[in-house]
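Chain residues, written in single-letter form:
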Amino acid sequence: QVQLVESGGGLVQAGGSLRLSCAASGLTFSTYGMGWFRQAPGKERELVAAINWTGGSTYYADSVKGRFTISRDNAKNTVYLQMNSLKLEDTAVYSCAAPSRRYGSVLTQRYDYWGQGTQVTVSS
């Protein structure tokens with residue numbers, strides 16, 4: 001069974017930084033792309049950042065571009081989301097996700113496995 005477990009969420013002041021981690025098991029991590037999603041109350045889930053299976057291609061939502069960085073450490077079966085210059089509107093539950101196959105483009109990755117999510121709350 002594929003399992004994805006997020007950690008690193010919490011309460012942070014606007015302008016601060018936070019790093020989320022997603023540890024994967026039951027999955028050949030290095031052969032899959034990964035994504036980070038977030039969902040705030042009353043809003044649809046959105047893709048925040050994605051990375052392909054090699055780590056050579058990334059995607060960022062316009063709302064986080066220049067502030068967030070996705071990276072992966074295949075030796076540790078872990079993907080990270082470094083969040084800097086946090087804003088109130090970044091408050092959400094953040095989940096990592098994995099597809100069940102490799103894709104030719106990070107832009108077209110579709111996701112089949114999901115973590116439980118970790119709460120990020122940005123305060124003023």
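Residues numbered from 1 in each chain as written. Predicted model: local features only at pLDDT ≥ 70, side-chain atom pairs only at ≥ 80, totals over all residues. Heavy atoms only, no water.

Novice: Please explain unusual backbone geometry as it appears in this structure.
Specialist: Where the residue is not glycine, phi is negative for most of them; where a peptide bond is considered, it is trans in most cases. We note that Asn77 has phi near 50 degrees; this positive angle belongs to a residue other than glycine. Position of Asn77 relative to the elements: it lies in the loop between strand 7 (68–73) and strand 8 (78–83). Take Asn77: its relative accessible area is 25%, and that puts it in the partly exposed class. (Helix = DSSP H or I, 4+ residues; strand = E, 2+ residues; numbered from the N terminus. Buried < 20%, exposed > 50% of the residue type's maximum accessible area, 1.4 Å probe, protein only.)

Novice: Where do I start with the nonpolar core in this structure?
Specialist: Nonpolar side chains in soluble globular proteins generally cluster together in the buried interior. Formed by 30 residues in total, the largest nonpolar core has its most connected members in Trp36, Leu81, Met83 and Tyr94. Among the secondary structure elements, those contributing two or more residues to this core are strand 3 (18–25), strand 4 (34–39), strand 5 (46–51), strand 7, strand 8, strand 9 (92–98) and strand 11 (118–123). With sequence-adjacent residues up to four places away left out, Leu81 is seen in contact with Leu18, Arg19, Leu20, Trp36, Val48, Ala49, Phe68, Thr69, Ile70 and Tyr94. Counting five residues, the second largest nonpolar core, distinct from the first, contains Phe37, Ala97, Val106 and Tyr111. (Core = buried A, V, L, I, M, F, W, Y, C linked by side-chain atoms within 4.5 Å. Contact = heavy atoms within 4.5 Å.)

Novice: How do you make sense of the sheet that holds strand 3 when you look at a structure like this?
Specialist: Two strands in a sheet stick together by hydrogen bonds in their backbones, pointing the same way (parallel) or opposite ways (antiparallel). With antiparallel pairing, four strands are arranged side by side in an open sheet as 1-3-8-7. One side of each edge strand has no neighbouring strand; the edge strands of this open sheet are strand 1 (3–7) and strand 7. When strand polarity is set aside, the average angle formed by the axes of neighbouring strands in this sheet is 15 degrees. Sheet topology note: the strand 3/strand 8 ladder contains six bridges and is antiparallel. The residue of strand 8 that forms the bridge with Leu20 is Leu81. (Pairing = 2+ DSSP bridges. Axes fitted to C-alpha atoms, helices over the stretch in contact; angles between N-to-C directions.)

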